[in-house]
Amino acid sequence: MEPNGDPGHAALPLLSETFGVPFHVGTPGDDGLAVDVTGLTDDFELSALLAGLVGREERAVLPAGDGRLLIAIPLRDGCGSFAIGLFCSSDSQLADRLAAGAERLLQQQQALSRSEHDLSDCLEQLTFSMEEQSWLRSLSRQIDNCSARMDLPEIAATILPRLCSLIGAESLAFLPAEIADRPATAEAGIRWTGSSPIGLAQCRKFLAAYGVRAVERPVVAQETDAPELFRPLKLRSLILVPIAHRSGISGWLFAANRNSAIVPLERTDRFQPSADTDAEFGSVEAGLLEATATMLSTHVRTADALQQREDLIFRLMRTMSSAIDARDAYTRGHSQRVGRYAMEIGRQLALDHNDCHQLLLTGLLHDLGKIGVPDHVLLKAGRLTSEEFDLIKMHPEIGHRILQPIPELAFALPGVLHHHERIDGRGYPHGIVGEKIPLQARILAVADAFDAMTSSRTYRAAMSEDKARAILIDGAGTQWDADVVDAFLKVADVAAIAESAGRDDAIPVSPSIFDDEDDVPERWENPSMILTSPLLEPTELMA
């Protein structure tokens, strides 16, 4: 049978036009050549002629009586069929020449039809290949644009709908790796798209049945493979592909039921179709899922490597901040507390997760420049001279210079450099004003000031949280950003944050400090005199 319909019926118009009489298709049967036309099979003589054509491969021009000729041209359809017509002429030579010419035209027509079909096959395959490549490129870009902190369920939720349509699946799912041994935990991570989600218990059954095989290569299974498993769920076909990497399996891609009405995927012998029906998946669809799983696996490996690098950087940052804090027992844990306060302020300001995380890390590093301040100045318990205070004021720029060559820590540069700036422009090192001060620095300024006021020093006791809050309120809009102060005041449990950051409330204080909170020296009553670093003293103490 030719690809573009019944070849006999396609040839009939050409033959009818050539001979000027109707032509019909005759197919071999038990009683000869069957032609469903009254007057041919009812005529005994014609019936005998038709019976003689069975098994014949060449054209025939046979006398049919009454001055007519029976024209029989083989259709070469693999069934032994002929195009049959009664030519109203007794000139057999003319009829044979016409039949020979018509047969050649018919053969050319059939060859052209096959070529058109082959071309159509190639075009459809090329179209699908281009669509497949477009999908893979799009997926690659999409994954590249995903934050490394996005987990697989989040990414899967964005890519499953288009992939489901591309492979013509009724349903497509991402299943977390924990689904096999920790189903209660894994259920929240399952992502479905399509019309017929399958329950958690059923997914586990399919994993138990095909998971081991799928680790080696993608599994394409049909209902006939395991009717007792498929039929209760009304499944006809499935694909199971692992998202695997060197350290294990991160999840699975699970496609259920091929729906040819969704998108017709062209299949050729090269792609080993599963059956002669479009209702089953084949290696084309499995290949697409496998390519997708490979890209997702690459994302997992990249995210793991990035997380390990960030963990290392974070540990180094904590080590550096601890080294700075350790120079003075009275400031132990200061950088960690400032980082935690800053992160909570960021949350109150509705900053995204990444910005809040960067506030935490910048808090750890904000005083890094004090590594360049001499101990006799940094640890001085008494008054600072103007020259000593100028040395202290250099620490933001020193910290900035230390971090500037490290691209991974570029996010911290604004906060490290500007966390001692004031809204009214009276801060340092650059004296910038208002919103020209980076938001990161404005947040750190409030966090730093609060921890300075509520930490004990050799020359004073820690201020109460309520008193420190009151001073922040008084300085809002002049020394500190009013919105940032308001956000800090909404932080729920500052004491718990301080404690979790390693704050030590048992630090001894000098005998000269005051125990009565109401006996606060005048210098703490004036917000303009408050220094926003726990290691600096009020300006009026300077000679």
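Our subject is the structure listed above.
All figures in this text were calculated on a predicted structure; none of them were measured in a lab. The written sequence of each chain sets the order in which its residues are numbered from 1. Local features in this predicted model are restricted to residues of pLDDT 70 or higher, and side-chain atom pairs are both shown and tallied only at a pLDDT of 80 or more, whereas totals for entire chains, interfaces and linings draw on every residue. Just so you know, side-chain values use all the structure's heavy atoms and leave hydrogens and water out.

**Student:** Mind laying out the overall build of the protein chain, listing which residues take part and the relevant values?
**Tutor:** Segments assigned H or I by DSSP are reported as helices when at least four residues long, segments assigned E as strands when at least two residues long, and all are numbered from the N terminus. Helices and strands together make up the secondary structure of the protein chain, namely 19 helices and 10 strands. Each residue's exposure class comes from its accessible area (1.4 Å probe, protein chains only) as a fraction of the maximum for that residue type: buried when under 20%, exposed when over 50%, partly exposed otherwise. Looking at the protein chain as a whole, 47% of its 543 residues qualify as buried. Across the protein chain, every contact between residues at least 6 apart in sequence was considered, and the portion connecting residues at least 24 apart equals 61%. Contacts are assigned to residue pairs that have any heavy atoms within 4.5 Å of one another.

**Student:** How would you summarise the sheet that holds strand β9 (residues 237–245) if you had to cite specific residues and measurements?
**Tutor:** Strand order in this open sheet of 5 strands is β7-β6-β10-β9-β8, and the pairing throughout is antiparallel. Looking at strand neighbours, the two that pair on one side only are β7 (191–194) and β8 (219–222), the edges of this open sheet. Here the strands of the sheet are splayed against their neighbours by 15° on average, with no regard to which way each runs. Each pair of strands is called paired provided DSSP finds at least two bridges between the two strands. Sheet topology note: the strand β6 (residues 169–176)/strand β10 (residues 248–258) ladder contains 7 bridges and is antiparallel. Across the sheet, Ala173 pairs through a bridge with Phe254, a residue of β10. Here, axes are lines fitted to C-alpha atoms. For helices the fit covers the stretch in contact, and angles between N-to-C directions go from 0 to 180 degrees. Of the strands in this sheet, β6, β7, β9 and β10 are in contact with helix α4 (residues 152–167), which crosses β6 at around 160°. In this fold helix α8 (residues 283–325) packs onto β6, β8, β9 and β10, with an angle of close to 25° to the strand it touches most, β9.

**Student:** Tell me about the packing of helix α9 (residues 334–348) against helix α17 (residues 482–489), residues and numbers included.
**Tutor:** Running from N to C, α9 and α17 point in directions that differ by 100°, and their axes come no closer than 8 Å. As far as their axial angle goes, α17 and α9 are roughly perpendicular. Counting all contacts with α9, which are made through Tyr341, Ile345 and Gln348, the residues of α17 involved are Val484, Ala487 and Phe488. When residues are grouped by polarity, Ala, Val, Leu, Ile, Met, Phe, Trp, Tyr, Cys and Pro land in nonpolar, Asp, Glu, Lys and Arg in charged, and all others, Gly among them, in polar. Among the residues making up the contact of α9 with α17, the classes are represented as 5 nonpolar, 1 polar and no charged. Note on terminology: angles under 35 degrees are roughly parallel, angles over 145 are roughly antiparallel, angles of 65 to 115 are roughly perpendicular, and the others are oblique.

**Student:** For the packing of aromatic side chains, give the residues involved together with the corresponding values.
**Tutor:** The geometry of an aromatic ring pair is captured by the separation of the ring centres together with the interplanar angle, meaning the angle of the planes. Note on aromatic contacts: the rings of Phe and Tyr and the six-membered ring of Trp form a pair at centre separations within 6.5 Å, being stacked when their planes are under 30 degrees apart, edge-to-face when over 60 apart, and tilted otherwise. Going through the model one piece at a time under the given rule, you end up with 9 aromatic pairs. Their ring planes at 80° and their centres at 6.4 Å tell us that Trp192 and Phe254 sit as a pair that is edge-to-face. On the criterion of sequence distance, the pair formed by Trp192 in strand β7 and Phe254 in strand β10 is long-range, its members being 62 residues apart. Owing to a relative accessible area of 25%, Trp192 belongs among the partly exposed residues under this scheme. Under the relative-accessibility criterion, Phe254 is labelled buried at 1%. Taking 5.5 Å as the distance between ring centres and 85° as the angle between the ring planes, the aromatic pair formed by Tyr341 and Phe450 counts as edge-to-face. Of this pair, Tyr341 sits in helix α9 while Phe450 sits in helix α15 (residues 439–453), placing them 109 residues apart in sequence. Assigned by exposure class, Tyr341 and Phe450 land together as buried. Grouping aromatic residues by their ring pairs yields a cluster made of Trp192, Phe206, Phe230 and Phe254.

**Student:** An account of the nonpolar core is requested, with residue identities and associated values reported.
**Tutor:** As a rule of thumb, nonpolar side chains are buried together in soluble globular proteins. In this text, buried Ala, Val, Leu, Ile, Met, Phe, Trp, Tyr and Cys residues form a nonpolar core when linked through side-chain atoms within 4.5 Å. By size, the foremost hydrophobic cluster in this structure holds 26 residues, and its most contacted members are Tyr341, Ile345, Val446, Leu472, Trp480 and Phe488. Contributing elements (two or more residues each) for this core: α9, α15, α16 (465–475), α17 and α18 (494–500). Among the elements that take part in this core, α15 stands out by supplying 8 residues, more than any other. Counting 24 residues, the second largest nonpolar core, distinct from the first, contains Ala156, Leu163, Ile243 and Phe281.

**Student:** Describe unusual backbone geometry, listing the residues and the values that go with them.
**Tutor:** With an omega of 15°, the peptide bond running from Tyr428 to Pro429 counts as cis. Position of Pro429 relative to the elements: it lies in the loop between α14 (413–418) and α15. Positive phi is not limited to glycine here, since Asn257 has a value of about 65°. Looking at the secondary structure, you find Asn257 in strand β10. Classification of Asn257 as buried rests on a relative accessible area of 3%.

**Student:** Tell me about the pattern of salt bridges, and name the residues and values.
**Tutor:** Think of a salt bridge as a Lys or Arg side-chain nitrogen and an Asp or Glu carboxyl oxygen that are within 4 Å of each other. The full count for this structure, using the stated rule, is 16 salt bridges. A salt bridge links Arg236 to Glu170; its shortest N-O distance comes to 3.2 Å. Placement of Arg236 in the loop between α7 (227–230) and β9 and of Glu170 in strand β6 is noted, with a sequence separation of 66 residues between them. On the basis of relative accessibility, which here comes to 29%, the residue Arg236 falls in the partly exposed class. On the accessibility criterion, Glu170 (18% relative accessible area) is buried. For Glu285, the salt bridge goes to Arg258, with nearest N and O atoms at 3.0 Å. In this pair, Glu285 sits in helix α8 while Arg258 sits in strand β10, placing the two residues 27 residues apart along the sequence.

**Student:** So what's going on with the pairing of strand β4 (residues 68–74)? Which residues, and what values?
**Tutor:** The side chains of a regular strand alternate, first on one face of the sheet and then on the other. In terms of burial, β4 is a largely internal element, 6 of the 7 residues being buried. Here strand β3 (residues 60–65) runs beside β4; their pairing, made up of 5 bridges, is antiparallel. Residue Leu62 lies in a different strand from β4, and its bridge partner there is Leu70. Following β3, the chain reverses through 2 residues before pairing antiparallel with β4; Asp66 in that reversal takes a positive phi of roughly 55°. Taken together, the 6 bridges between β4 and strand β5 (residues 82–87) define a ladder with antiparallel strand orientation. The residue bridging Ile73 from the neighbouring strand is Ala83, located in β5.

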